Structures are given as structure tokens and as C-alpha cells.
Amino acid sequence: MNTNTEIKNAAVVGLGNMGGAILGGIVSGGILPVENLRGADKADVCRAKAEKLGVKAYREPSEAVKDADLVILAVKPQSLEALMSEIGEVKKSAVIVSILAGKKIATLESYFGADAKIVRVMPNTPALVGVGMSGICRNANVSDEELEKVVEIFSSFGKASVVDESLMDIVTGISGSGPAYVYMFIDGLIKAGINGGMDEKSAKIFAAQTVKGAAEMVLRSDISPEQLKINVCSPGGTTIEAVKVLEEQKFEDIIMQAVKACEDKSRLMGKE
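Residues numbered from 1 in each chain as written. Predicted model: local features only at pLDDT ≥ 70, side-chain atom pairs only at ≥ 80, totals over all residues. Heavy atoms only, no water.

With that out of the way, let us pick up the overall build of the protein chain. Helix and strand counts for the protein chain come out as twelve helices and eight strands. Judged by the C-alpha coordinates and their principal axes, the protein chain covers about 65 × 35 × 30 Å. Taken across its 272 residues, the protein chain has 39% of its residues classed as buried. A separation threshold of at least 6 residues defines the contact pool for the protein chain, and within that pool the share at least 24 residues apart is 64%. If you sum the accessible surface of the protein chain, you get close to 15000 Å²; carbon and sulfur atoms cover 56% of it. In the protein chain, the 31 positive side-chain charges and the 36 negative ones have mean positions that sit 3 Å from each other. (Helix = DSSP H or I, 4+ residues; strand = E, 2+ residues; numbered from the N terminus. Buried < 20%, exposed > 50% of the residue type's maximum accessible area, 1.4 Å probe, protein only. Contact = heavy atoms within 4.5 Å. Areas by Shrake-Rupley, 256 points an atom, 1.4 Å probe, with all protein chains shown as cover. Lys, Arg positive; Asp, Glu negative; His and termini not counted. Charge placed at Lys NZ, Arg CZ, Asp CG, Glu CD.)

Laid out in C-alpha cells, this is it:
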């Protein structure tokens, strides 16, 4: 294992929604001094958002990563090869953090070298409002202290959990892409509310707060989601009638099929 790098400064390459959320978390969490942070993005609007946080932002990635102890790659997966032609020289001791969906540690090592310190992360979009979920794995070159710093960063806008890389495809299917499935469910509740006579604004509040509350019940309780469902279903009551419809339509099977499709795509992207 390589020697430990004391992470005093960081560069975020790609300042879109997720890159911006990561940078915002580092700043708001006081994880690193703002003067020790740099960003890079081709888009003026993205650089402007970073500069509003007090972070120096560059158009060229090579300017941002120069001498950085931690380099966070937050570009689209398909942009990796183009980025490598622009990124220039990265410190040999730098920790490279990638949030590129489907891109395996081995792929990143092929670009940065077998002795590079690589951390792979799968965050999700609720990071934008401080309640994200991130799965994290590393290669053997990353020390416990370095990994701890990465976990601290991704915990600054939600929760972060270290997993084996073999689980990253299913992490993508559950939490990485999962918000989209939940948005569809919420949208269905909203439309049902409108059909029942509610105005759209009220239906949105009732639907979203219900999902938020149910999620908190799951997180705070040792009771399984299955038992929590049963607890709501009074015999002969209203809820059980709705649950019967969902069970008849194989609602849980549909969710599992959707997650499997996402997992398979993530695995395929890794092979490509």
C-alpha cells in the first residue's frame, strides 16, 4: 500500500448538479478551507456557481487538478476518455475519486496507473438537498485515513456507506437510480389527488410528505417495511383495499425488475 496522503486541498472536475453538490458539501461542512478548493468546468454557469461559494473555478481541468491532494471526477461516464486527454498531470500521491457510473476501479487504474489511489463512489441526486446516499469502495492503494476523508466528504450531504466493489452495480440500481422510481410513485399519488379533487399544490405536499414520513419510519424503526405495511392495514379498512390492488399488480415484482434492469446496465457499462 502507498504512503498515506494528508488531504489538505481538493479539486472537483465537473461542476454540474452532482459536482456542485459535492463542492457545496465540502464548503458547508467545513471539511476543507474554501481557499484550498478548486473546480473545473467548461460551462460558464457552472463555474459561476462554484465561485459564488468562494471557490476558484477554471475552464481547463489541468489548472484545477495541479498539485491537488484529492481529485474528484464528476463528469459524465462517456466523457472519461476525453477528460483524460485534458486533465494533464495529477500528483502521484493524489487520491482519485470517481463518481462515473459503471466505471470500475480497474478501468480507472488503466488511465491513472496500477499504483494510483482510486476511490469509486455512487452518489444520488438527493445530495442536492443534503439527503443523498452514497456507496463507496476503494482499491488497495488507498489508506484507511484517506478513505475516511472521502466518506466524510460524501457524508456532508447525506449518508455514505463503504461497500465491496462487487456491490456497486446493485447500489446503482437501488440508490443511484432509485430516486427516479420514487418520483414516479409520488407523481402517481399527485395525479390521484388531482383526480380526487385536490389542487396540484396540495396534492404534491400530501404525496411528498407521506413518502418522506414513511421513509423516516423505516430508517428509525427496527420493524421491517413488511410489518410496517401490515400495521397500517386494519382488517376491513381502507388501506388493505389499496394494498390488494398493488399486490394483484405485482407492485414489488415490478420494482425488483426495474432495479435489475438498472443493475444489468451498470454492469454492461463497466464491461464497455
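As a further point, take the nonpolar core. Ranked by size, the top nonpolar core spans 32 residues in total, and within it Ile 22, Leu 70, Val 97, Val 119, Val 150 and Phe 154 carry the most contacts. Sorting the residues of this core by element identifies strand 1 (10-13), helix 1 (17-28), helix 2 (44-52), strand 4 (70-73), strand 5 (95-98), strand 6 (117-122) and helix 6 (144-155) as the ones contributing at least two each. Ranked by the residues each element gives to this core, the list is headed by helix 1, at five residues. With near-sequence residues (within four places) excluded, Phe 154 lies in contact with Ile 22, Val 97, Ile 99, Val 121, Pro 123, Ser 134, Ile 136, Lys 159 and Ala 160. (Core = buried A, V, L, I, M, F, W, Y, C linked by side-chain atoms within 4.5 Å.)

With respect to the secondary-structure elements, Lys 117 resides in strand 6. Of the polar contacts made by the side chain of Lys 117, one reaches the side chain of Glu 146; its length is 2.6 Å. (Polar contact = N/O pair within 3.5 Å; in protein donor to acceptor, adjacent residues only side chain to side chain.)

Turning our eyes to something else, we now look at the pairing of strand 8 (residues 158-162). Note that strand 7 (residues 132-138) and strand 8 share five bridges and pair parallel. Within the sheet, the bridge partner assigned to Ile 136 lies in strand 8 and is Val 162. Remark: the strand 7/helix 6/strand 8 crossover connection has right-handed handedness. (Pairing = 2+ DSSP bridges. Right-handed = clockwise from strand over helix to strand, strands pointing away.)

In a structure, side chains of opposite charge can pair up when their charged atoms sit close to one another. Applying the stated criterion across every chain, the model contains 20 salt bridges. The shortest N-O distance in the salt bridge between Arg 59 and Glu 60 comes to 4.0 Å. By relative accessible area, Glu 60 is classed as partly exposed at 33%. In this structure, the salt-bridge partner of Glu 216 is Arg 220, at a minimum N-O distance of 2.9 Å. Here the residue Glu 216 and the residue Arg 220 both occupy positions in helix 9 (residues 200-220), the gap between them amounting to four residues, near one helical turn. For Glu 216, a relative accessible area of 33% puts it in the partly exposed group. A relative accessible area of 72% places Arg 220 in the exposed class. Each of Asp 169, Lys 260, Glu 263, Asp 264 and Arg 267 takes part in one network of salt bridges that share partners. (Salt bridge = Lys/Arg side-chain N within 4 Å of Asp/Glu carboxyl O.)

All right, on to the packing of helix 7 (residues 168-176) against helix 12 (residues 251-271) then. Two elements in contact, helix 7 and helix 12, have axes whose closest approach is 8 Å; the angle formed by their N-to-C orientations is 135 degrees. One finds that helix 7 runs oblique with respect to helix 12. Our pair here, helix 7 against helix 12, has a crossing hand that is right-handed. Facing helix 7, whose interface residues are Asp 169, Ile 170, Thr 172, Gly 173 and Ile 174, helix 12 presents Val 259, Cys 262, Glu 263, Ser 266 and Arg 267. When its residues are assigned to classes, the contact of helix 7 with helix 12 shows four nonpolar, three polar and three charged. (Axes fitted to C-alpha atoms, helices over the stretch in contact; angles between N-to-C directions. Parallel < 35°, antiparallel > 145°, perpendicular 65-115°, else oblique. Left-handed = near helix turned anticlockwise from the far one by under 90°. Nonpolar A, V, L, I, M, F, W, Y, C, P; charged D, E, K, R; others polar.)

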